[in-house]
Amino acid sequence: MPTDSPAPADTPRTPPAPAAQVPAPFPERAALPDPGPAPTLRDTDSPATAAPGPGSGPDAPAPATPRGYRAVFAVAEFRAVFAAHLLSLLGVVVSELALTVLVYDLTGSPLLSALTFALGLLPYIVGGTLFAGVADRYPARRVLVVCDLLCAACVAVMLVPATPVAGLLALRCLVAAIAPVFTGTRMAALTDILGEGDLYVLGRSLLRIVSQSAMLIGFGAGGVLLTVLSPRGAITVTVVTFLCSAALLRFGTRDRPARATAGHGAGGTLLKESLSGARLVLGDRRIRALMLLIWLPAMFVVAPEALAAPYADAIGAPPAALGLLLCAMAVGHIGAELFVGSALSPRNRSRIVLPVAAAGLLPLLVYAVRPGLPLALAALALAGAGAAYVIGLDQWFVDAVPQELRGRAMTLLTAGLMTVQGLGMALAGLAAEFFPVHQVVAASGIIGTVCTLLLVAEVRRTDPRRMSYTEERDGADRHVTSR
């Protein structure tokens, strides 16, 4: 499964970095059973566990411990998750392009062809809200494998020549509804595989980088495939990638128990669990603020991508400029995320979250002067680089969400993110019907920055350290007053 989107059972793991202590917003969190000592994060293939050789002994120098992204790849379970994500994501990108071409060949309708892409975003909110309980109710590995197999079955039915266009679109919706459940479950499972500290943050970062890269590579690969294969032949590739992903997750990850326990959302209907989880997550002020700080900037930053074609036409750019405008933001995002993830310490990544989030949309203001292609590309690359604040925000989010709600919270986070991006594209297109494209993009930067500044203030107010200090101060004031 895409969007984003585990070593043998006896593989030990290193202890995760200690997470910041935050006040438990859910009274039932204290009742959770003690999970026991954290396992060690050491792969059986790593030098640290290899049999002693020449030069080993108490006086021999200790082997170098992998750091940064290398430390994440040292975990065999993550390598399986990473490979599965890469395969299925490439397959989905290829199938989206091929399915769009197939629908257009069958109907000759540009509207239905465009609707095929839109249906990849709209069902996210349905699947993420109504089926989020699956992520905590059942063991993660089982959920991931079943999601991959269901998607493979849906895509296989698309290959049947007798499948009508309405059926193709319905199957596209079903795959999109399954995607947030898969992604949320995988995000929550990463905390078991990598711990809740820096390795988890870097693992999430790698999956995001793959998602951005796959969009660039996948559409190119899909275009090449369509020159030698029919649309249905290209879609066949997706069936294979889903099946390979399912196999990697089934045999490359450990089987862990479900997160939800009796008294923590388990035992009711799936719909009840999903909706109650959404209420608990969105009802917590800290989690809600962090979630909105991920959603809102993403909603406004998509405006220049949604309007890339009309803007290229407005400035008289050559046809190749459209591809550059669509790629610039992804290139900036990938470069910045690699730098922040590898060059900055966890503390410094945490320090830049709020300043970078607050300034991330400002490069779009360049569009107010209707820039030419070079300046527009630079602005888009900088706006993409601004998304690197999410690396530090990932750590805050996983610290704030209680373990028994983690799968549902991350499923809702994924569903909301995809939905607001689709909504942002639609609103940008609607505004461009009444105002010049460059003004719409600049306005998106202004409005988005104002909304983000309000969210930054809310995130500061809900900081556990700040709240703890305020509570201690208020308690001291009450004590003095009572004398």
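The rules we used
- Residues numbered from 1 in each chain as written.
- Predicted model: local features only at pLDDT ≥ 70, side-chain atom pairs only at ≥ 80, totals over all residues.
- Heavy atoms only, no water.
- Helix = DSSP H or I, 4+ residues; strand = E, 2+ residues; numbered from the N terminus.
- Buried < 20%, exposed > 50% of the residue type's maximum accessible area, 1.4 Å probe, protein only.
- Areas by Shrake-Rupley, 256 points an atom, 1.4 Å probe, with all protein chains shown as cover.
- 1 Å grid on protein atoms, 1.4 Å probe; cavity = no way out; pocket = protein on both sides within 12 Å on 5 of 7 lines; lining within 4 Å.
- Points joined across faces, edges and corners; volume = space filled by probe spheres on them.
- Nonpolar A, V, L, I, M, F, W, Y, C, P; charged D, E, K, R; others polar.
- Salt bridge = Lys/Arg side-chain N within 4 Å of Asp/Glu carboxyl O.

Draft legend 1. Broad picture of the overall build of the protein. Scanning the protein from terminus to terminus reveals 21 helices and 0 strands. Counting every position in the protein, which comprises 483 residues, the buried fraction comes to 49%. Accessible surface for the protein amounts to roughly 21,700 Å². Of this, 68% is attributable to carbon and sulfur atoms.

Draft legend 2. Inspection of empty space enclosed by the protein at higher detail. Taken as a whole, the second largest cavity encloses approximately 70 Å³ of empty space. Considering the residues around the second largest cavity, the lining is formed by Val 92, Ser 95, Glu 96, Leu 99, Val 155, Met 158, Arg 172, Val 175, Thr 238 and Phe 242. If you list the elements that add at least two residues to the lining of the second largest cavity, you get helix H2 (76-107), helix H6 (140-158), helix H7 (165-194) and helix H9 (231-252). It is H2 that contributes the most residues to the lining of the second largest cavity, 4 residues altogether. In terms of residue class, the lining of the second largest cavity is built from 6 nonpolar, 2 polar and 2 charged.

Draft legend 3. Quick look at the pattern of salt bridges. Using the criterion set out here, one finds 8 salt bridges in the structure. One salt bridge connects Arg 141 with Asp 255, and the closest N-O pair in it is separated by 3.9 Å. With Arg 141 in helix H6 and Asp 255 in the loop between H9 and helix H10 (270-283), this residue pair connects regions lying 114 residues apart in the sequence. According to the relative accessible area criterion, Arg 141 is buried, its value standing at 17%. A residue is classified by how much of its surface remains accessible, and Asp 255, at 52% relative accessible area, is exposed. When the shortest N-O distance is used, the salt bridge between Asp 394 and Arg 208 registers 2.8 Å. In this pair, Asp 394 is assigned in helix H18 (residues 390-400) and Arg 208 in helix H8 (residues 198-228), connecting sequence segments 186 residues apart. A single salt-bridge network, built from bridges that share partners, covers Arg 204, Arg 208, Glu 337 and Asp 394.

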